[in-house]
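Fold and geometry: a report
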Amino acid sequence: HDPIALALEQAAQASDSQDANALLQKAKDAWDKRWHGTAVLADHGPMDEIDSLFSQTQAYAQTEKRADFSAFCLRLAQLIRATADEHQATWWNFL
């Protein structure tokens, strides 16, 4: 999931809206591709929030609200990383 989060962070920082929109779409496509595999292991609450945030972020991209777009991209990156981190084989996940 790191490449998805990285693309979203890059989209948040992109000054050119076309680059930012392309990075957002790249992240969305990658998320959609991994969605079923993630759903097997992950709580669906955060996944539903991620899906909702992608929709909202795409709307902000179309309206050129760059500050909101950037904030939503960063929130998405954070949630995607947290979702992936929940299922790594680490000692704190076994407690």
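Quantities reported herein were computed from a predicted structural model and do not represent experimental measurements.

Considering every residue of the protein chain, the mean pLDDT works out to 85; 85% of them sit at 70 or more. Here helix H2 (residues 17-41) stands out as the element of the protein chain with the lowest mean pLDDT, 87, in contrast to helix H1 (residues 2-13), whose mean of 95 is the highest.

Attention now goes to the pattern of salt bridges. With the rule as written, the count across this model stands at four salt bridges. The shortest N-O distance in the salt bridge between Glu9 and Arg81 comes to 2.4 Å. You can see Glu9 sitting in helix H1 and its partner Arg81 sitting in helix H4 (residues 66-85), a full 72 residues away along the chain. A residue is classified by how much of its surface remains accessible, and Glu9, at 24% relative accessible area, is partly exposed.

For H4, with 20 residues, the first-to-last C-alpha span of 28 Å sits near the 28 Å given by 1.5 Å per residue. For H4, the complete set of buried residues consists of Phe69, Ser70, Phe72, Cys73, Leu76, Ala77, Leu79, Ile80, Thr83 and Ala84.

Rules and cut-offs
Residues numbered from 1 in each chain as written. Predicted model: local features only at pLDDT ≥ 70, side-chain atom pairs only at ≥ 80, totals over all residues. Heavy atoms only, no water. pLDDT = per-residue confidence, 0-100. Helix = DSSP H or I, 4+ residues; strand = E, 2+ residues; numbered from the N terminus. Salt bridge = Lys/Arg side-chain N within 4 Å of Asp/Glu carboxyl O. Buried < 20%, exposed > 50% of the residue type's maximum accessible area, 1.4 Å probe, protein only. Expected span 1.5 Å × (residues − 1).

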